[in-house]
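Remarks on the overall topology
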Amino acid sequence: MKLTTNPIMAAVVAGTLLGASAPVVLASEDWQKSKWGEEDTIGAANYLSAERTLEAARLVTEGKTYSLGVELNRDFPAYGARFFDITVMEPRAGGKPLGPTKLTSTDDILHTWLGIGSQIDGFGHIGIDHKHYNGLAAEDIVAVDGLKKLGTEGIPPIVTRGVLLDMTEHFGQSMLTEGQGFNSEEILAAAKAQNVKIQEGDVVLFHTGWLSLVGEDNERFGKAQPGLGVDGAKYLAEQGVVAVGADNWGLEVIPFEDGTGVFEVHQTLLAKHGVYILENMNTAELARDNVHEFMFVLGQPKIKGAVQMMVNPIAIK
């Protein structure tokens, strides 16, 4: 299998973080209580409603659909040691035709990590000192045969308004560069220029152009990335968004911002605010067509106890 060499994993293990500054102090425990109650496991998905689905449906004026998922194969650059492999075979009767109509068939076996390609991160993926969303302790929910709580099978169907912020348009670049971050100031400016307003219940996607490196320079794609900063993550969570995604493998800017911790954007969204993360979103066609708001539809495979899940969300204009 062809995998991207990924020095970020080694840097995280070594604690060097590609030149990031000293670790930040751990946050207070206030974040460990969900505003939706001690039994809550779906976080910002609580903002979803029938009314918001109907509002999103009203955005459909052309009936054009956009696949936000990427094609996943053995060569797609994967984070760290993750891999993807598929085997196809003719298992019946050793491949011989069966019956009077000479039936033949093929089946397939998938051997893969679930956090690969276009994916959604669930709340069991990232914690703060072994505590996850709503204060759930890893020792109570993490098991080798699947999460006992916070598995991605519990994520309800996400059908709501989607917003695309084209950061290449904002910065006047065809593709953002490594370590180029954006926060609340840039988000507000891009939204204003593109005539959209982020609202409670939205799914917000960023177009950076980074995904265009896949198949062209996989090594560069996997080493670092432009992306969202901690201030921007806090701002989006405060607006009540359901999920945040981008056309890169890890959403947040890498190398990490000065003064921030290891994948602190992930901690901010997933653990502290219960906001889902969408990675490797194929936003290029939306950006090309200048589509900045649309109906967003996502229903993930319900594999019990999964931490992350491969997905193919759909945008409808």
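Rules used in this analysis
- Residues numbered from 1 in each chain as written.
- Predicted model: local features only at pLDDT ≥ 70, side-chain atom pairs only at ≥ 80, totals over all residues.
- Heavy atoms only, no water.
- Axes fitted to C-alpha atoms, helices over the stretch in contact; angles between N-to-C directions.
- Helix = DSSP H or I, 4+ residues; strand = E, 2+ residues; numbered from the N terminus.
- Parallel < 35°, antiparallel > 145°, perpendicular 65-115°, else oblique.
- Contact = heavy atoms within 4.5 Å.
- Nonpolar A, V, L, I, M, F, W, Y, C, P; charged D, E, K, R; others polar.
- Salt bridge = Lys/Arg side-chain N within 4 Å of Asp/Glu carboxyl O.
- Buried < 20%, exposed > 50% of the residue type's maximum accessible area, 1.4 Å probe, protein only.
- Phe/Tyr/Trp six-rings, centres within 6.5 Å; stacked < 30°, edge-to-face > 60°.

**Focus on the packing of helix 5 (residues 184-193) against helix 7 (residues 230-238)**
Where helix 5 meets helix 7, the closest approach of the two axes is 7 Å, and the angle between their N-to-C directions is 60 degrees. Taken together, helix 5 and helix 7 sit at an angle that is classed as oblique. Counted together, Ser184, Ile187 and Leu188 of helix 5 and Asp231, Gly232, Tyr235 and Leu236 of helix 7 form the full contact between these two elements. Its residues assigned to classes, the contact of helix 5 with helix 7 comprises 4 nonpolar, 2 polar and 1 charged.

**A closer look at the pattern of salt bridges**
Scanning the entire structure with this criterion turns up 10 salt bridges. Here glutamate 293 and arginine 161 are joined by a salt bridge, their closest N and O atoms 3.1 Å apart. Separated by 132 residues along the polypeptide, glutamate 293 in strand 11 (residues 293-298) and arginine 161 in strand 5 (residues 158-166) bring together distant segments of the chain. Residue class for arginine 161 comes out buried when judged on its relative accessible area of 10%. Here arginine 288 and aspartate 289 are joined by a salt bridge, their closest N and O atoms 3.2 Å apart. Residue arginine 288 is classed as exposed on the basis of its relative accessible area, which comes to 57%. Sharing partners across several salt bridges, the network here consists of Lys64, Glu285, Arg288 and Asp289.

**Examining the packing of aromatic side chains**
Scanning the entire structure with this criterion turns up 8 aromatic pairs. Here the aromatic rings of phenylalanine 123 and tyrosine 276 are separated by 4.4 Å at their centres, their planes lie at 15 degrees, and the arrangement is stacked. Of this pair, phenylalanine 123 sits in the loop between strand 4 (119-121) and helix 3 (138-141) while tyrosine 276 sits in strand 10 (residues 276-279), and the two are 153 residues apart along the sequence. The burial state of phenylalanine 123 is the same as that of tyrosine 276; both residues are buried. In textbook terms, an aromatic cluster arises when at least three aromatic residues are bridged by ring pairs, as seen for Tyr79, Trp249, Phe256 and Phe263.

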